[in-house]
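Analysis of the macromolecular model
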Amino acid sequence: MKSLRNPLFTILSIATLITVFMLMIVSASARAWSPAISQADHKQPISDYSQDILPDVQITIDQVVASGFSVPVQVTHAGDGSQRLFVVEQTGMIRIIKDGVVLETPFLDWQNNLRCCGEMGLLGLAFHPNFAENGYFYINYTRAGDNATVIQRFSVSASNPEIADPSSGMILLTIDQPFENHNGGQLAFSPQDGYLYIGMGDGGSGGDPLDNAQNINTLLGAMLRLDVDSGTPYAIPADNPYVGETGLDEIWVIGLRNPWRWSFDRSTGDLMIGDVGQNLWEEIDY
């Protein structure tokens, strides 16, 4: 871990980590009662722990930016200076908020090509760093029929910047899923190296019964790192750890359970991963 350079940075970093950790615990308690989660994930009811670990968190709403969405799981922007917000709906659509208004026509409607919901569906969206020039964006979704994870690139319409061209899809990766949970979901470009990172869960059930997270010969339970500006459909960065070694070249790091959401520090490029825990503990990886 990098050394922290001044006391104020140290205090702010610790406070941020504590806040994130508390919110993840609250989120975990809500997920514990979701019928989509395997009971194997929660051998002991979360209520047994709640008196000891759950903080007294009060949530208030100061402003409603937009409403009317179906299972929104991500909000992001295209980095093109348009000030538009893109809302990812788990059920299969990407909607645009422009000038405070939700546009009637979705940016992309992919509902007929995926399976939702539980921990499946349209799970992630990332815009290419040069989206303003090349119009590329990438999605992560659960494919209808076999529940595989698909990473696919699309282009914006040549005639209308408010909609995508659904016929432009190019599949980068298809990853088989042994169970219906722990699909990961997020993908993002690093501001430091420009590569596409993809968070993959361990494949599901509880306790990682297939030991995927410690297996360097599967893309499950890992953070993947691809060079989408080279090769077809991608190339492998030369400094990925298993290049020239035993293990899959796409892997950047192993040992993850379900990295549902994570984020790059915009100034340093450092990666903070919120990894879903089991029973009592959640995990933050740096």
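Notes on the structure in this doc start here. (Residues numbered from 1 in each chain as written. Predicted model: local features only at pLDDT ≥ 70, side-chain atom pairs only at ≥ 80, totals over all residues. Heavy atoms only, no water.)

The secondary structure content of the protein chain amounts to three helices and 16 strands. With 286 residues in all, the protein chain has 44% of them scored as buried. For the protein chain, restricting intrachain contacts to residue pairs at least 6 apart in sequence, the fraction spanning at least 24 positions comes to 54%. Entry remark: accessible area of the protein chain is about 14700 Å², with carbon and sulfur atoms responsible for 53%. (Helix = DSSP H or I, 4+ residues; strand = E, 2+ residues; numbered from the N terminus. Buried < 20%, exposed > 50% of the residue type's maximum accessible area, 1.4 Å probe, protein only. Contact = heavy atoms within 4.5 Å. Areas by Shrake-Rupley, 256 points an atom, 1.4 Å probe, with all protein chains shown as cover.)

Looking now at the pairing of strand β2 (residues 85–89). Taken across its five residues, β2 has four buried, putting it largely inside the fold. As judged from the four bridges shared by strand β1 (residues 72–76) and β2, these two strands associate in the antiparallel manner. Pairing of Val75 across the sheet is with Val87, part of β2. Connecting β2 to the antiparallel partner strand β3 (residues 93–98) that follows it, the hairpin turn spans three residues, and Gly92 within it adopts a positive phi of roughly 130°. (Pairing = 2+ DSSP bridges.)

Inspection of every chain in the model, using the stated rule, returns one disulfide. Between the sulfur atoms of Cys116 and its disulfide partner Cys117 the distance amounts to 1.8 Å. Judged by the sign of its S-S torsion, about 80°, the bond between Cys116 and Cys117 is right-handed. (Disulfide = S-S within 2.5 Å.)

Bringing the packing of aromatic side chains into the picture now. Evaluated as defined, the whole model comprises 13 aromatic pairs. Arranged with centres 5.5 Å apart and planes meeting at 65°, the rings of Tyr138 and Phe189 form a pair that is edge-to-face. Here Tyr138 is found in strand β7 (residues 136–142), whereas its partner Phe189 is found in strand β10 (residues 187–189), with 51 residues between them in sequence. The same class applies to Tyr138 and to Phe189, which are both buried. Taken together through their ring pairs, the aromatic side chains of Phe86, Phe107, Trp110, Phe127, Phe131, Phe137, Tyr141 and Phe154 make up a single cluster. Against the face of Trp252 rests Arg225, its NZ or CZ located 4.1 Å from the ring centre. Directly above the ring of Trp260 sits Arg261, whose terminal nitrogen or CZ lies 3.9 Å from the centroid. (Phe/Tyr/Trp six-rings, centres within 6.5 Å; stacked < 30°, edge-to-face > 60°. Lys NZ or Arg CZ within 6 Å of the ring centre and 35° of its normal.)

Turning our eyes to something else, we now look at the environment of Thr246. Counting through the fold element by element, Thr246 comes out in the loop between β12 (222–226) and β13 (251–254). Look at Thr246 and you get exposed, because its relative accessible area is 59%. Separated by 30 residues in the primary sequence, Thr246 and Ile216 have C-alpha atoms spaced 7.8 Å apart. Not counting the four nearest positions on each side in its chain, Thr246 is found in contact with Ile216 and Asn217.

For the rest of this paragraph, the subject is the sheet that holds strand β11 (residues 196–199). If you walk across this open sheet you meet the four strands as β10-β11-β12-β13, and the pairing is antiparallel. Both edges of this open sheet fall to β10 and β13, since each of them pairs with a single strand only. Between one strand axis and the next, the sheet turns by 20° as a mean value, whatever way the strands run. Note: β12 against β13, three bridges, orientation antiparallel. The partner of Leu224 across the bridge, within β13, is Ile251. (Axes fitted to C-alpha atoms, helices over the stretch in contact; angles between N-to-C directions.)

The sheet built from four strands is open, its strands ordered β6-β7-β8-β9 with antiparallel pairing. The open sheet has two free edges, formed respectively by β6 (122–127) and β9 (164–175), since each of these has just one partner strand. Across the sheet, the mean angle from the axis of one strand to that of its neighbour is 25°, orientation sign disregarded. Inspection of the sheet shows β6 paired to β7 by five bridges, in the antiparallel sense. Residue pairing across strands places Leu125 opposite Ile139, the latter belonging to β7.

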